[in-house]
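One letter stands for each residue in the lines below.
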Amino acid sequence: MISFKNVNKWYGDLHVLNNINLEVDAGEVVVVCGPSGSGKSTLIRCINRLEPIQEGELVVDNMAVHDKKTNMTKVRAEIGFVFQSFNLYPHMTALQNTTIAPIKVRKMKKADAEELGRETLTRVGLKDRINSYPAQLSGGQQQRVAIARGLCMNPKIMLFDEPTSALDPEMIGEVLDTIKMLAKGGMTMVVVTHEMGFAREVANRVVFMDDGYIVEVAPPNDFFRNAQTERGKAFLSSILSH
Amino acid sequence: MWSFYFHELMRSLPFFMKGVWMTVAVAGLSLIAGTIIGFICGIMRAGRNKILRAVIGVWVDIVRGTPFLVQIFIIFFILPGIGIELDAFSAAVIALSNLSASFICEIVAGGILSVPKGQREAATASGLSQYHQLRFIVLPQAMRTVLPPLVGQYVLSIKDSSVVSAIGVVDITRVGWFTVQRIPEGIMVFGLVGLLYFAICYPLINLSGYLERRMTVMTIRL
Ligand SMILES: Nc1ncnc2c1ncn2[C@@H]1O[C@H](COP(=O)(O)OP(=O)(O)O)[C@@H](O)[C@H]1O
Ligand SMILES: [Mg+2]
């Protein structure tokens, strides 16, 4: 479903992605972890070309994201993206946040989009906040609206960039539960997170990044119990000590 | 003597009203044109095309860095030299439109750039086109920042329109000049001139203040 082949990316002189090779199959859940600045966000932002890559091949749902000629609107419509900082549209209600893309991109009728929006918001536990503005919602609720916004496009893939890092601890659970629900429903997902419990429960594989390289790829239990590299071990002990 | 002149002044009120009408016409047309051109240029100024951005930047600097009187003279006296014949009214509207557009351009560009980058990223990620992003995500949010100074700019442009009297447009100021030659009570005559400008601007000043408060409240609520 997602295929990186020898992908390289630079910001000026900074080599942020170093010869990345990674295959994510349909229905698979991949968790990406690694120290701050290791290139995790850049990696998943390349998947829908929020960032362009300079070298290599990146194919998503059989569409060549590395190819400048590819119609990215079509690719992006199939990929939901959830940001660390939610990025909800503040001038729109929760419902409007979820319906704008289905109406404008999928050309759905407004009434149909609103029905879908209501259903999806209900699914993420926000039935009674449908007409609230983002500023009237808690962080956890905002992030669930953001997830619903992605889901309303009926995407094949969901990408999450540290979806719980900006949340107060008591709200992390509700957001992780929502993401777990999707994982169990068979959604293809790449999740950047340091939540090890979450990774153990739903991830098929953990990708450990450091300094622009993919250093280890392993099933979560293998990686967390028995990291193969020094850098992986050092990283695990650093997050465990928090 | 004073009451005689006052009486005379009252008798020239219809003449002043013609001036008011002229000021409203010049400023009104210029503000409509200036707003349209200013928004288009402001959107491009905050856009991705580097060449457009630079060209618009130079234009804005030139317009802002030269006296308005000089700009009017160039348009009215120098353009005919290269074959563009303009009456005073057209020259006035073009000059004031150009001036207003340059300021509005900067206000709009500033408003667009004040919208957090994540808003565009979220819209891009969901597949919205550049046009839809601008129309539904960026501009509505930018308008919060744009509206109060935009209305403030309208007030400034109305006041700046008095400069067009220099090329013979018979606006409020020009009527004042004519009248003061008959009624040599400068304070009285130009007091009236000032009052008439104030009467036009005052509702806008209030609107600007109202928008400012309202936008602040909305920013806090949203
Ligand atoms: N737009 C950018 N321009 C320049 N450097 C950037 C940009 N975005 C990220 N970087 C740099 O690229 C590296 C990887 O960043 P990022 O992918 O955000 O890491 P992570 O998400 O793992 O913390 C960091 O050194 C960061 O400073
Ligand atoms: Mg990051």
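Located above this text is the structure these notes cover.
Conventions adopted
- Going along each chain's sequence as written, the residues are numbered from 1 onward.
- The naming scheme follows written order: chains are lettered A onward, ligands numbered 1 onward.
- Residue-level local features of this predicted model are given only where pLDDT is at least 70; pairs of side-chain atoms are given and counted only at 80 or more, and the full residue set underlies all totals for whole chains, interfaces and linings.
- Side-chain figures throughout are based on the complete set of non-hydrogen atoms in the structure, without hydrogens or water.
- The helix and strand labels rest on DSSP assignments: H or I over at least four residues marks a helix, E over at least two residues marks a strand, and numbering proceeds from the N terminus.
- Within 3.5 Å is the distance limit for a polar contact, defined as a pair of N or O atoms, with the added protein rule that one can donate a hydrogen and the other accept it, and that residues adjacent in sequence qualify only through two side-chain atoms.
- Every axis in this analysis is a line fitted to C-alpha atoms, fitted for helices over the stretch in contact. Angles between the N-to-C directions lie between 0 and 180 degrees.
- For this classification, under 35 degrees means roughly parallel, over 145 means roughly antiparallel, 65 to 115 means roughly perpendicular, and everything else is oblique.
- Two helices that cross are described as forming a left-handed crossing if the nearer one is turned anticlockwise from the farther one by less than a right angle, and a right-handed crossing if clockwise.
- Contacts are assigned to residue pairs with any non-hydrogen atoms lying within 4.5 Å of each other.
- Three categories are distinguished: nonpolar for Ala, Val, Leu, Ile, Met, Phe, Trp, Tyr, Cys and Pro, charged for Asp, Glu, Lys and Arg, and polar for the others, with Gly belonging to the last.
- The buried label applies to any residue whose accessible area, calculated with a 1.4 Å probe on protein chains only, is under 20% of its type's maximum; exposed applies above 50%, and partly exposed to all values in between.
- Throughout, nonpolar core names a set of buried Ala, Val, Leu, Ile, Met, Phe, Trp, Tyr and Cys residues whose side chains join them through atoms within 4.5 Å.
- Reported buried area values correspond to the accessible surface (1.4 Å probe) lost by two parts on association, with both partners' losses combined.
- When a carboxyl oxygen of Asp or Glu is within 4 Å of a side-chain nitrogen of Lys or Arg, the pair counts as a salt bridge.

A. Seen up close, the side chain of A:K9. Here A:K9 shows up in strand β1 (residues 2-11). At 2.7 Å, the side chain of A:K9 and the backbone oxygen of A:P52 are in polar contact.

B. How the structure looks around the packing of helix α3 (residues 94-104) of chain A against helix α4 (residues 110-123) of chain A. All names here are of chain A. Two elements in contact, α3 and α4, have axes whose closest approach is 9 Å; the angle formed by their N-to-C orientations is 130°. By the angle class used here, α3 and α4 are oblique. Along this stretch, α3 crosses α4, giving a crossing that reads as right-handed. Facing A94, L95, T98, T99, P102 and I103 of α3, the residues of α4 in contact are K110, A113, E114, G117, R118 and L121. The residue inventory of the contact of α3 with α4, partitioned by class, reads 6 nonpolar, 3 polar and 3 charged.

C. Looking closely at the side chain of A:T99. Relative to the helices and strands, A:T99 is located in helix α3. Overall, the relative accessible area of 6% leaves A:T99 in the buried class.

D. Expanded view of the nonpolar core. Membership of the largest hydrophobic core comes to 45 residues, with the highest contact counts inside it found for A:L121, A:I147, A:M158, A:F160, A:M189, A:F223 and A:L236. When residues of this core are assigned to their parent elements, the largest contribution, 7 residues, is made by helix α6 (residues 169-184) of chain A. Residue contacts for A:L236: discarding those within four places in its chain leaves A:M196, A:F223, A:F224 and A:A227. Counting residues in hydrophobic clusters, the runner-up holds 43 residues, among them A:V24, A:A101, A:L159 and B:I137.

E. Summary view of the interface of chain A and chain B. Counting from both sides, the interface comprises 23 residues of chain A and, opposite them, 18 residues of chain B. At the boundary of chain A with chain B, total buried surface from both sides reaches about 1,800 Å², with 64% on carbon and sulfur atoms. Considering only the side of chain A, the residues that lose the most area to chain B are A:Y89, A:H91 and A:K104, jointly responsible for 30% of the buried surface there. For the pair chain A and chain B, the number of links is 1 salt bridge. A salt bridge links A:R45 to B:E121; the nearest nitrogen and oxygen atoms lie 2.6 Å apart. On the surface where chain A and chain B come into contact, there are 5 residue pairs in polar contact (both at pLDDT 80 or more). Secondary structure elements with two or more residues in the side of chain A that touches chain B: α2 (72-77), β6 (79-82) and α3 of chain A. A total of 3 residues in the side of chain A that touches chain B trace back to one element, the largest contributor, which is α3(A). Within the side of chain A that touches chain B, the residues separate by chemical class into 14 nonpolar, 4 polar and 5 charged.

Functional significance is not addressed by these values, which are geometric in nature.
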